[in-house]
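# Analysis of the macromolecular model
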Amino acid sequence: MKLLSLTTLLAATATAYASLQIGFPTNGASFRQGEKSHVQVVRPGAIEDCTEVGIVIDVVHCGKTCPKPGKHAGYALYKGPFKPTHQKIGGDYENFTVTFPESLKTGKALLTLTNKCRREGESQPSLEYTTAEIKITERVHAL
Ligand SMILES: *[C@@H]1O[C@H](CO)[C@@H](O)[C@H](O)[C@H]1NC(C)=O
């Protein structure tokens, strides 16, 4: 019981800390090599102390285990500013058009959203990582 409550607490803390969320794709989503799709980046609420400097969306193939975010050289799918607009449904978000590389290996892959965040009183921007585990399947070759 004790363990359970600690886990729940940690999960709650982690959720509260991440300023941005990946609305799409969710864990388990499947894409083909070379497929064009989009990544939905959501800002769930007002962030009092974070000034966004920019975001990076990247994807990396997972071997037995997925590499830790920030510790791998994946394929950058998007790099630049995050300017969410307010939508009636879904709140504040922005959809980014991305193309999964043809050379990305099939199998499990980790999609990482890196949020560069500047906080008052800190000289260096801090980095926040949000991830989704996706699946890459073989490209369909045209006949
Ligand atoms: C953004 O993506 C979401 C989820 O994939 C979709 O439901 C929504 O219609 C898209 N919004 C816009 C403005 O394209």
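What this report covers is the structure whose coordinates are included nearby. All values derive from a computational prediction rather than experimental measurement. (Residues numbered from 1 in each chain as written. Predicted model: local features only at pLDDT ≥ 70, side-chain atom pairs only at ≥ 80, totals over all residues.)

### Structural notes on the overall build of the protein
Heads up, the condition is: What counts as a helix is a DSSP run of H or I of at least four residues, what counts as a strand is a run of E of at least two, and both are numbered from the N terminus. Buried means a residue has 20 or more other C-beta atoms within 10 Å of its own C-beta, exposed means 12 or fewer, and partly exposed covers the counts in between; C-beta atoms are placed from the backbone.
What the protein contains, in helices and strands, is 1 helix and 9 strands. Counting from the amino terminus, the protein carries its helices and strands in the arrangement α-β-β-β-β-β-β-β-β-β. Residues classed as buried in the protein amount to 19% of the 143 residues present.

### What about unusual backbone geometry?
Note the cis peptide between Phe24 and Pro25, where omega equals 0°. With respect to the helices and strands, the residue Pro25 is situated in the loop between strand 1 (21-24) and strand 2 (30-32).

### A few points about the site of the ligand
As a reminder of what qualifies: We call a residue near a molecule or strand when its C-beta atom, built from the backbone, sits within 6 Å of it.
Every residue near the ligand is listed here: Gly23, Phe24, His38, Gln40 and Asn95. Breaking the shell around the ligand down by element, the ones donating at least two residues are strand 1 and strand 3 (36-43).

### Regarding the sheet that holds strand 6 (residues 85-87)
Here is the rule we go by: A pair of strands is treated as paired once DSSP finds two or more bridges between them. To get an axis, fit a line to the C-alpha atoms, keeping to the stretch in contact for a helix; angles then go from 0 to 180 degrees between the N-to-C directions.
Read from one edge to the other, the open sheet built from 4 strands follows the order 1-3-7-6, with strand pairing classed as antiparallel. At either end of the open sheet lies a strand with only one pairing partner, and these are strand 1 and strand 6. When strand polarity is set aside, the average angle formed by the axes of neighbouring strands in this sheet is 45°. With 3 bridges joining them, strand 6 and strand 7 (residues 91-99) adopt antiparallel strand pairing. Looking at strand 7, one finds that His86 is bridged to Asp92.

### Examining the nonpolar core
Quick reminder of the rule: Connectivity within a nonpolar core runs through C-beta atoms within 7 Å, and the core itself is a set of buried Ala, Val, Leu, Ile, Met, Phe, Trp, Tyr and Cys residues. For the purpose of contact definition, each residue receives a C-beta atom placed from its backbone, and two residues are in contact when these atoms lie within 7 Å.
Core analysis: the biggest nonpolar cluster contains 20 residues, and Val41, Val59 and Ala109 have the highest contact counts within it. Beyond its immediate stretch of four places on either side in the chain, Ala109 contacts Val59, Val60, His61, Cys62, Leu104, Ile134 and Ile136.

### Overview of the sheet that holds strand 9 (residues 126-137)
Strand order in the open sheet formed by 5 strands is 2-9-8-4-5, and the pairing between neighbours is mixed. Since the sheet does not close on itself, it has two edges, and those belong to strand 2 and strand 5 (75-80), each with one partner. For this sheet, the mean angle separating the axes of adjacent strands, direction not counted, is 30°. Sheet topology note: the strand 4 (residues 51-61)/strand 8 (residues 107-118) ladder contains 10 bridges and is antiparallel. Bridging from a neighbouring strand, Ile55 pairs with Asn115 of strand 8.

### Points about the pairing of strand 8
Where strand 8 meets strand 9, 11 bridges bridge the pair, whose relative direction is antiparallel. Bridge pairing in strand 9 places Cys117 opposite Ser126.

### Side note on the environment of Arg139
By the element assignment, Arg139 lies in the segment after strand 9. Judged by local crowding, Arg139 falls into the partly exposed class, with 14 C-beta atoms found within 10 Å. If we ignore the near neighbours within four places in the chain, the residues touching Arg139 are Arg32, Gln33, Gly34 and Glu102.

### Let's talk about the environment of Arg119
Residue position: Arg119 is located in the loop between strand 8 and strand 9. Separated by 67 residues in the primary sequence, Arg119 and Glu52 have C-alpha atoms spaced 9.0 Å apart.

### Re the pairing of strand 7
The side chains of a regular strand alternate between both faces of the sheet. As paired elements, strand 3 and strand 7 share 8 bridges and run antiparallel to each other. Residue pairing in the sheet places Val42 in a bridge with Tyr93 of strand 7. Between strand 6 and strand 7, which pair antiparallel and follow one another directly, the connecting turn spans 3 residues, one of which, Gly90, has a positive phi of 105°.

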